[in-house]
Amino acid sequence: MKLNYRMQALFASAIQLGVLLSLAMLLVVGPIYAEGETTPSQTGSFTEETLFSDPTGDTTDGPTDGPTDGPTDAPTTPPTAPPKIGYIIANSLNVRETPSTTGKVVDYYVYAEKVLILEEIGINGTPWGKTDKGWICLTYVDMSGKVPQPKPTEPKPTEPKPTTPKPTIPKPTEPKPTDPPSDSKLEDNPFKSSDFTKNGQFITCKKEKTVIGIDVSRWQEDIDWEKVKAAGIDYVMIRAGLRSTAKAGKLSTDAYVEKHYQGAKAAGLKVGFYFYSQAKTVAEAKEEARYLLNIVKGWDVDLPLACDWEYSKTTDRVYGLSRRRVTDCVKAFCDTIKAAGYDPMIYCARYIVAEKLYMEELADYALWYADYNSSYLRSEFRVDMWQYSCTGRVSGIKGNVDLNVIFLENSVFSKYFKD
């Protein structure tokens, strides 16, 4: 009985010791677990939350169903088109303040000059481009990226001089008669810069008598011709008709030709006409000349009838025609006008003379020469009329108008302007 009693007492003591040890362990370990510490032996199943959690609270490395602030593949702003490179293919190209032929001229580019096109727009079928200087017409800009080659100069055809055998018997010397100047040969430009003077916007020549005039079309609608006459204008060249630049090349009459004719004649101005040509064959050139003759039939025409042949890269109707073909077309037009009893005249800009016409073959016809941005005539040849501005201002006309000056000496115009 004593043994059993002692064993029972020992057993009870062991239980009490175990309880005390357990309490001691709780007192030591409990605060550690309460602070979030873990032990290497911690076990249990891992969840998505525990796998990507971070004590700092940052969960950027974990999966998320919501949007993030990180970069995406979509651009935040639309891409900007890079500037295009072009080269000027006109001898001189105006830079304007606005994309319009009536815009103020603020600068100019020269042939083969490189330009950066920052913006492109189209106005009434004409392409315009913005550069660091202003707006230019892209018709005269090569956008292929190739630098234009220097323009080749074509030698003038020379005629062999007839040779005469030397006389074997001396003859008395007599004064040789001088031959009159031939109309079939071009005369050199007799003027230098100091020969011209500018009164306001009108240019005149100090070396010989000149007459001031304008040219108009449907772009100048309602004109007070009495005010035009009072402003010092003596004549006007009126656009009578045109051929379309489209492939079909339809012929049409200028909508204001008769109104301009009646008003100018009533105000006492001398009147001539021109036709905007897009002829690419001799047959088409003759057709245009007959069309012009039909328009002015029965009218009192004071001045020549002119062929205004032009080309533009914006249309492929006549662009790229050879110099030979263009010369033949212009000559056929003028021959048809002359055969009808009128004086023919050729209107051409500097680039047309330089690139598209054999001028020696056209020397029989009056020459109306267009060259802007200069206070003096820069033509290689003597001309009959010079269009020196497309931004003129004349009382009685709203907006811009072309200004011209006629040279009367050795000119077809001398018979029209007699004192």
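About the criteria used
Residues numbered from 1 in each chain as written. Predicted model: local features only at pLDDT ≥ 70, side-chain atom pairs only at ≥ 80, totals over all residues. Heavy atoms only, no water. Helix = DSSP H or I, 4+ residues; strand = E, 2+ residues; numbered from the N terminus. Contact = heavy atoms within 4.5 Å. Areas by Shrake-Rupley, 256 points an atom, 1.4 Å probe, with all protein chains shown as cover. Core = buried A, V, L, I, M, F, W, Y, C linked by side-chain atoms within 4.5 Å. Buried < 20%, exposed > 50% of the residue type's maximum accessible area, 1.4 Å probe, protein only. Phe/Tyr/Trp six-rings, centres within 6.5 Å; stacked < 30°, edge-to-face > 60°.

Chemist: Would you take a moment to explain the overall build of the protein for this structure?
Modeler: Looking only at helices and strands, the protein features seven helices and 19 strands. For the protein, the share of sequence-separated contacts (at least 6 apart) that also reach a separation of at least 24 residues comes to 63%. Counting only carbon and sulfur atoms, one obtains 54% of the accessible surface of the protein, whose full area is about 26,100 Å².

Chemist: Where do I start with the nonpolar core in this structure?
Modeler: It is characteristic of soluble globular proteins that their nonpolar side chains tend to be buried jointly. In terms of nonpolar packing, the biggest core is built from 86 residues, with Ile214, Trp225 and Phe273 touching the most fellow members. Broken down by element, the residue count for this core peaks at seven residues, all from helix H6 (residues 323–339). Non-local contacts of isoleucine 214, meaning those with residues more than four positions away in its chain, are made with Trp225, Val228, Ile233, Tyr235, Val236, Met237, Val394, Ile397, Val401, Asp402, Leu403 and Asn404. If you look at the next biggest cluster of nonpolar residues, it comprises ten residues, including Ile88, Val115, Ile117 and Val141.

Chemist: Looking at this model, I keep getting lost on the packing of aromatic side chains. Mind explaining?
Modeler: Tallying each qualifying case throughout the model produces 18 aromatic pairs. Between phenylalanine 273 and tryptophan 299, the aromatic rings sit 5.6 Å apart at their centres with planes inclined by 40°, giving tilted as the arrangement. Here tryptophan 299 lies in the loop between helix H5 (282–296) and strand E15 (305–309) and phenylalanine 273 lies in strand E14 (residues 270–277), a separation of 26 residues in the sequence. The burial state of phenylalanine 273 is the same as that of tryptophan 299; both residues are buried. Between the aromatic rings of tyrosine 274 and tryptophan 368, the centroid separation amounts to 5.8 Å while the plane-to-plane angle is 80°, which identifies the pairing as edge-to-face. With a gap of 94 residues between them, tyrosine 274 in strand E14 and tryptophan 368 in strand E17 (residues 366–370) connect regions that are remote in the sequence. For tyrosine 274, a relative accessible area of 9% corresponds to the buried category.

Chemist: Quick question: what am I supposed to make of helix H4 (residues 257–266) here?
Modeler: Since the α-helix advances by 3.6 residues per turn, residues separated by three or four positions end up pointing in the same direction. Residues Val257, His260, Tyr261, Gly263 and Ala264 constitute the buried set of H4. Where H4 is buried, its residues meet strand E11 (210–216), helix H3 (225–230), strand E12 (235–243), strand E13 (251–253), E14 and H5. Downstream of H4 by a residue or two, glycine 268 has a phi angle that is positive, lying close to 90°.

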